[in-house]
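Here's the letter readout for the chains.
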Amino acid sequence: MKPSEFNHIILPMRDELLGYALSVTKSEDNAEDLVQEVMLRLWDMRSRLNSGGRLKSLAMTMIHNLYLDQQRHESHTAAMPDNVDIAVDDRRAELRDETRLIRDIVAQLPPLQQQIFRMKEIEGYTADEIMLITGCTADNLRRNLSRARTKIRETYIKIMMKGVGT
């Protein structure tokens, strides 16, 4: 499956997958995490996917199985001392917060930088694919990607330093 087919077939399923994940997990954060994980796994296996196949069923099965894996993992960690559970839960919450923060920072980038960053770092497009889609030259692509990364890093550090100072 080509990236364009993936974007046309798989990405529109996201809301339906999120609804299913929410019905299973009863938690918006966990549902979002499951859907993101499934989307990444589908992206990684896109070369083996058939656009005519039962992709929605596959994605929903993946969500279900990931959820069951999480439940098994949580039942194994339940035997750990309480302070370990708290540390694990705190770290999960921190990671979700960091992910949201970075998502918010990316959303504040200029449109072209935002698009290039998402395509390269989140969606996994190659530089050649990005240049073809956006019409950028190789120099413009590198420049915009570098500026986006720098702005994200600087904004993230500035926000984190504010949090330390309070």
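Model, not experiment: these values are computed from the prediction.

The rules behind the values
Residues numbered from 1 in each chain as written. Predicted model: local features only at pLDDT ≥ 70, side-chain atom pairs only at ≥ 80, totals over all residues. Heavy atoms only, no water. Helix = DSSP H or I, 4+ residues; strand = E, 2+ residues; numbered from the N terminus. Buried < 20%, exposed > 50% of the residue type's maximum accessible area, 1.4 Å probe, protein only. Contact = heavy atoms within 4.5 Å. Areas by Shrake-Rupley, 256 points an atom, 1.4 Å probe, with all protein chains shown as cover. Expected span 1.5 Å × (residues − 1). Polar contact = N/O pair within 3.5 Å; in protein donor to acceptor, adjacent residues only side chain to side chain. Salt bridge = Lys/Arg side-chain N within 4 Å of Asp/Glu carboxyl O. Core = buried A, V, L, I, M, F, W, Y, C linked by side-chain atoms within 4.5 Å. Phe/Tyr/Trp six-rings, centres within 6.5 Å; stacked < 30°, edge-to-face > 60°. pLDDT = per-residue confidence, 0-100.

## What to know about the overall build of the protein chain
For step 1, the next point in the chain: Each helix and strand counted, the protein chain has eight helices and zero strands in total.
For step 2, the next point in the chain: Each helix and strand of the protein chain, placed in order from N terminus to C terminus, yields the pattern α-α-α-α-α-α-α-α.
For step 3, the next point in the chain: Taken across its 166 residues, the protein chain has 28% of its residues classed as buried.
For step 4, the next point in the chain: At a minimum sequence separation of 6, the contacts of the protein chain that also span at least 24 residues come to 60%.
For step 5, the next point in the chain: On the protein chain, roughly 10800 Å² of surface is accessible, and the fraction owed to carbon and sulfur atoms is 54%.

## Some details on helix α6 (residues 111-122)
For step 1, the next point in the chain: The end-to-end C-alpha distance of α6 is 15 Å, a good match for the 16 Å that twelve residues give at a rise of 1.5 Å each.
For step 2, the next point in the chain: When α6 is considered as a whole, its buried residues turn out to be Q113, Q114, I116, F117 and M119.
For step 3, the next point in the chain: Following α6 by one or two positions, G124 adopts a phi angle in the positive range, close to 80°.

## Quick notes on unusual backbone geometry
For step 1, the next point in the chain: In this model, K26 sits at a positive phi of 65°, which is unusual for a non-glycine residue.
For step 2, the next point in the chain: A relative accessible area of 68% means that K26 is categorised as exposed.

## Section: the side chain of Q114
For step 1, the next point in the chain: Mapped onto the elements, Q114 comes out in helix α6.
For step 2, the next point in the chain: Looking at Q114, its side chain comes within polar contact range of the main-chain oxygen of V106, at 3.3 Å.
For step 3, the next point in the chain: Residues within four places of Q114 in sequence aside, it is in contact with V106, A107, Q108 and L109.

## Section: the pattern of salt bridges
For step 1, the next point in the chain: This structure, assessed with the given rule, holds six salt bridges.
For step 2, the next point in the chain: E37 serves as the salt-bridge partner of R41, at 2.8 Å between the closest nitrogen and oxygen. Here E37 and R41 lie together in helix α3 (residues 28-44), a separation of four residues that amounts to about one turn.
For step 3, the next point in the chain: With a relative accessible area of 38%, R41 lands in the partly exposed category.
For step 4, the next point in the chain: On the accessibility criterion, E37 (31% relative accessible area) is partly exposed.

## So, the nonpolar core
Generally speaking, nonpolar side chains in soluble globular proteins are found buried as a group.
For step 1, the next point in the chain: Counting 23 residues, the largest nonpolar core has I10, L17, V38, L42 and I63 as the members making the most contacts within it.
For step 2, the next point in the chain: The contacts of L17, once residues within four sequence positions are left out, are V35, M39, A59, M60 and I63.
For step 3, the next point in the chain: Counting residues in hydrophobic clusters, the runner-up holds 15 residues, among them I130, C136, L141 and A148.

## Let's talk about the packing of aromatic side chains
For step 1, the next point in the chain: Applying the stated criterion to the full structure yields one aromatic pair.
For step 2, the next point in the chain: Judged by centre distance (5.9 Å) and plane angle (45°), the rings of W43 and Y125 are tilted. You can see W43 sitting in helix α3 and its partner Y125 sitting in the loop between α6 and α7 (127-134), a full 82 residues away along the chain.
For step 3, the next point in the chain: Judged by relative accessible area, Y125 falls into the buried class, the value being 5%.

## Section: the environment of N30
For step 1, the next point in the chain: Topologically, N30 is positioned in helix α3.
For step 2, the next point in the chain: Judged by its relative accessible area of 27%, N30 falls in the partly exposed class.
For step 3, the next point in the chain: Considered as a pair, N30 and Y67 are 37 residues apart in the sequence and their alpha carbons are 9.0 Å apart.
For step 4, the next point in the chain: For N30, the contacting residues outside a window of four places in its chain are T25 and R96.

## Focus on the confidence of the model for the protein chain
Interpreting fine coordinate detail is not advised for predicted regions of low pLDDT.
For step 1, the next point in the chain: The predicted model of the protein chain has a mean per-residue pLDDT of 81, with 85% of residues at 70 or higher.
For step 2, the next point in the chain: Highest mean pLDDT in the protein chain belongs to helix α2 (residues 14-25) (89); lowest belongs to helix α5 (residues 82-107) (72).

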